[in-house]
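# Topology and contacts: notes
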Amino acid sequence: MERKEFYKHRLPHFQQPGQAYFVTWCLNDSVPKKALKRYTDRLELLKMQMVAVSGAANSDSPKMRGSESAPPELKMRSSESAPPELQKFQQEYYLLRKKYIKAFDDLLDAEKQPAINLSKPENTKAIIDSLLFWEGQKLENFAFCVMPNHVHWVFKVFEKDNNGEPVYLQDVLYSVKRFTANQINKIENRKGALWQKESFDTTIRDEKHEYYAIRYTLNNPVTAGFVSDWKEWPGNWCAQGCGGF
């Protein structure tokens, strides 16, 4: 699989060794593909508008280590010299993406009894084992939560693994999703795709952002109405020292 610092499916993804992330992914059938179509259509239109406005200016921008040039939507918080119209589109894209992910999470929490229940003890264990597998080798775990139909994960990838190779988010997610899909398919006696291809990743900007990402992750089962205290949820895990957020 080709490793890229920028890659995209329905949403753009930016990855860099040494970066901390808040990542969410879900079961393949948890959210109907058309449920968020108005968001994806608008996001795609905004990307086209930004490309049109930036025009030749982006042709002179540096490339990312052999990958394609960074798309304009990824420069929204660092491109103060961008034309006002481009800044407007960038800001709208950023805000709409946040609404998109919020709507996505709300749909996930609304589904109480998925066909495949990830909170089934055997399934939860398979996921937890996988999330902890690369601890100390490729990444540092901060917190994660295994919900009935999705997973939240807050962690930091190392700049290099034990072999001196750079660590990319894309590779870590591919490894975890592939392993857990195989394990859970065996447990559930099924075949076929388990996870939705898209993952929703957000780069952690600072300690405050990390705090809120961890709090959101661990409180997800409380927000969804499964438990009254996050510590009661078997699918919750946090690193030593973050239990009080």
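Here the residue numbering is sequential within each chain, running from 1 through the sequence in written order. Since the coordinates come from a predicted model, pLDDT governs what is reported: local features require at least 70, and pairs of side-chain atoms require 80 or more to be given and counted, while whole-chain, interface and lining totals use all residues. Hydrogen atoms and water are omitted, and side-chain values are computed over all heavy atoms in the structure.

### Considerations on the side chain of His 209
- Looking at the secondary structure, you find His 209 in helix α5 (residues 207-223).
- Distance and chemistry together define a polar contact, namely a pair of N or O atoms within 3.5 Å, with one atom able to donate a hydrogen and the other to accept it when in protein, and with adjacent residues in sequence counting only for side-chain atoms on both sides. Within the structure, His 209 has its side chain in polar contact with the backbone nitrogen of Arg 205 (distance 3.1 Å).
- Note on contacts: a residue pair is in contact if any heavy atoms of the two residues lie within 4.5 Å. When sequence neighbours within four positions are dropped, the list of residues in contact with His 209 reads Thr 202, Thr 203 and Ile 204. Helix and strand labels come from DSSP, where a helix needs a run of H or I of at least four residues and a strand needs a run of E of at least two; each type is numbered from the N terminus.

### Re unusual backbone geometry
- Unusually for a residue other than glycine, Asn 189 sits at a positive phi of about 55°.
- Considering the arrangement of structural elements, one finds Asn 189 in the loop between α4 (169-188) and β6 (200-203).

### A look at the nonpolar core
- Core analysis: the largest hydrophobic core is formed by 27 residues, its most contacted members being Trp 25, Trp 153, Phe 155 and Trp 195.
- At the level of secondary structure, the elements contributing two or more residues to this core comprise β3 (20-26), α3 (121-133), β4 (139-146), β5 (150-157) and α4.
- Ranked by the residues each element gives to this core, the list is headed by α4, at six residues.
- Not counting residues within four places of it along the chain, the set of residues in contact with Trp 195 comprises Trp 25, Cys 26, Leu 27, Asn 28, Leu 118, Ile 127, Val 151, Lys 177, Thr 180, Ala 181 and Ile 184. Grouping buried Ala, Val, Leu, Ile, Met, Phe, Trp, Tyr and Cys residues that are joined through side-chain atoms within 4.5 Å yields what is termed a nonpolar core. Per-residue accessibility, obtained with a 1.4 Å probe over protein chains only, is compared with the maximum for each type, and a residue is labelled buried under 20%, exposed over 50%, and partly exposed between these values.

### Side note on the confidence of the model for the chain
- A residue's pLDDT is simply how confident the predictor is in it, with values from 0 to 100. Scored by pLDDT, the chain comes out at a mean of 81, with 78% of its residues at no less than 70.
- For residues 1-13, every residue scores under 50 in pLDDT, and the model assigns this stretch 53 contacts once sequence neighbours within four places are set aside.
- For the stretch residues 59-78, pLDDT sits under 50, and the model shows 36 contacts to residues farther than four places along the chain or on other chains.

### Quick look at the packing of α3 against α4
- Whenever a helix is involved, its axis is fitted only over the stretch in contact; in every case the axis is a line through C-alpha atoms, and angles between N-to-C directions fall within 0 to 180 degrees. At a minimum axis distance of 9 Å, the contact between α3 and α4 shows a crossing angle of 160°. The pairing of α3 with α4 is recorded here as roughly antiparallel in orientation. Handedness of the α3/α4 crossing: right-handed. Of the residues in α4, those touching α3 at Glu 122, Asn 123, Ala 126, Ile 127, Ser 130 and Leu 131 are Val 176, Phe 179, Thr 180, Gln 183, Ile 184, Ile 187 and Glu 188.
- In terms of residue class, the contact of α3 with α4 is built from seven nonpolar, four polar and two charged. In these notes the angle categories are as follows: under 35 degrees is roughly parallel, over 145 is roughly antiparallel, 65 to 115 is roughly perpendicular, and the rest is oblique. Less than a right angle of anticlockwise turn of the near helix away from the far helix marks a crossing as left-handed, whereas a clockwise turn marks it as right-handed. Residue polarity is assigned by list, with Asp, Glu, Lys and Arg as charged and Ala, Val, Leu, Ile, Met, Phe, Trp, Tyr, Cys and Pro as nonpolar; anything else, Gly included, falls into the polar class.

### With respect to the pattern of salt bridges
- Salt bridges are identified by distance alone: a Lys or Arg side-chain nitrogen within 4 Å of an Asp or Glu carboxyl oxygen. Counting across every chain of the model gives three salt bridges.
- Here Lys 120 makes a salt bridge to Glu 188, at a shortest N to O gap of 3.5 Å. Pair noted here: Lys 120 is in the loop between α2 (84-110) and α3 and Glu 188 is in helix α4, with a separation of 68 residues, a long-range link.
- Across the salt bridge formed by Lys 138 and Asp 161, the nearest N and O atoms sit 3.2 Å from each other.

### Comments concerning the sheet that holds β3
- With respect to topology, five strands assemble into an open sheet ordered β6-β3-β5-β4-β7, the strand pairing being antiparallel. Bordering the open sheet on either side are β6 and β7 (236-238), each of which pairs with just one other strand. Taking the axes of each pair of neighbouring strands and ignoring which way they run, one obtains an average angle of 15° across the sheet.
- Following DSSP output, two strands are said to pair if at least two bridges run between them. With three bridges joining them, β4 and β7 adopt antiparallel strand pairing. Along β7, the bridge assignment pairs Cys 145 with Asn 236.
- Contacting β3, β4, β5 and β7, α3 runs over the sheet at an angle of about 165° to β4.

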